[in-house]
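Reading the structure
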Amino acid sequence: MTSQILAVITVDKGSIAGGAPIFIEPNKERMQQTAFTLEKIMDAMVHEINEDTLIIVRHK
């Protein structure tokens, strides 16, 4: 099985860098809303990295 990180959603922009699209949100509620929406659009799964950062991953 292969996996691909499609997006990163965070409230802590200072701790994130990389090649995937990064969504910076003002609070955790908006972070959760954005992750839920992207999860549905991309037909992928949300995984929590820590309380301030979520990633969207497609598992094949």
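Residues numbered from 1 in each chain as written. Predicted model: local features only at pLDDT ≥ 70, side-chain atom pairs only at ≥ 80, totals over all residues. Heavy atoms only, no water.

Applying the stated criterion across every chain, the model contains 3 salt bridges. Its salt-bridge partner being Glu25, residue Arg30 comes within 3.5 Å of it at the nearest N-O pair. The partner of Asp52 in a salt bridge is Lys28, with the nearest N and O atoms 3.5 Å apart. Of the two residues, Asp52 is situated in the loop between strand S3 (45–50) and strand S4 (53–59) and Lys28 in helix H1 (residues 28–42); the sequence distance between them amounts to 24 residues. One network of salt bridges, with partners in common, ties together Lys28, Glu51 and Asp52. (Salt bridge = Lys/Arg side-chain N within 4 Å of Asp/Glu carboxyl O. Helix = DSSP H or I, 4+ residues; strand = E, 2+ residues; numbered from the N terminus.)

If you trace the 4 strands from one edge of the open sheet to the other, you get S2-S1-S4-S3, paired in mixed fashion. A single partner strand is all that each edge strand has here, and the edge strands are strand S2 (22–24) and S3. Averaged over neighbouring strand pairs, the angle between their axes works out to 25 degrees when direction is ignored. With 7 bridges connecting them, strand S1 (residues 3–10) and S4 associate as antiparallel partners. If you follow Ala7 over to S4, its bridge partner there is Ile56. Against the sheet, H1 engages S1, S2, S3 and S4, with an angle of about 10 degrees to S4. (Pairing = 2+ DSSP bridges. Axes fitted to C-alpha atoms, helices over the stretch in contact; angles between N-to-C directions. Contact = heavy atoms within 4.5 Å.)

Our focus in this paragraph is the side chain of Glu39. Residue placement: Glu39 occurs in helix H1. Put simply, Glu39 is tucked away with no salt bridge, and the nearest opposite charge, on Lys40, sits 4.2 Å away. Residue contacts for Glu39: discarding those within four places in its chain leaves Ala44, Met45, Val46 and Ile56. (Buried < 20%, exposed > 50% of the residue type's maximum accessible area, 1.4 Å probe, protein only. Lys, Arg positive; Asp, Glu negative; His and termini not counted.)

This part covers H1. Along its 15 residues, H1 runs 21 Å from first to last C-alpha, staying within 8% of the 21 Å computed at 1.5 Å per residue. Within H1, burial applies to Met31, Thr34, Ala35, Leu38 and Glu39. Looking straight down H1, one finds that the buried residues subtend no more than 135 degrees of arc, so they occupy a single side. Facing away from the buried side of H1 by over 90 degrees, the exposed positions are Glu29, Lys40 and Ile41. Where H1 is buried, its residues touch S1, S2, S3 and S4. Backbone geometry just downstream of H1 places Asp43 in the positive-phi region, at approximately 50 degrees. (Expected span 1.5 Å × (residues − 1). Arc of directions from axis to C-beta.)

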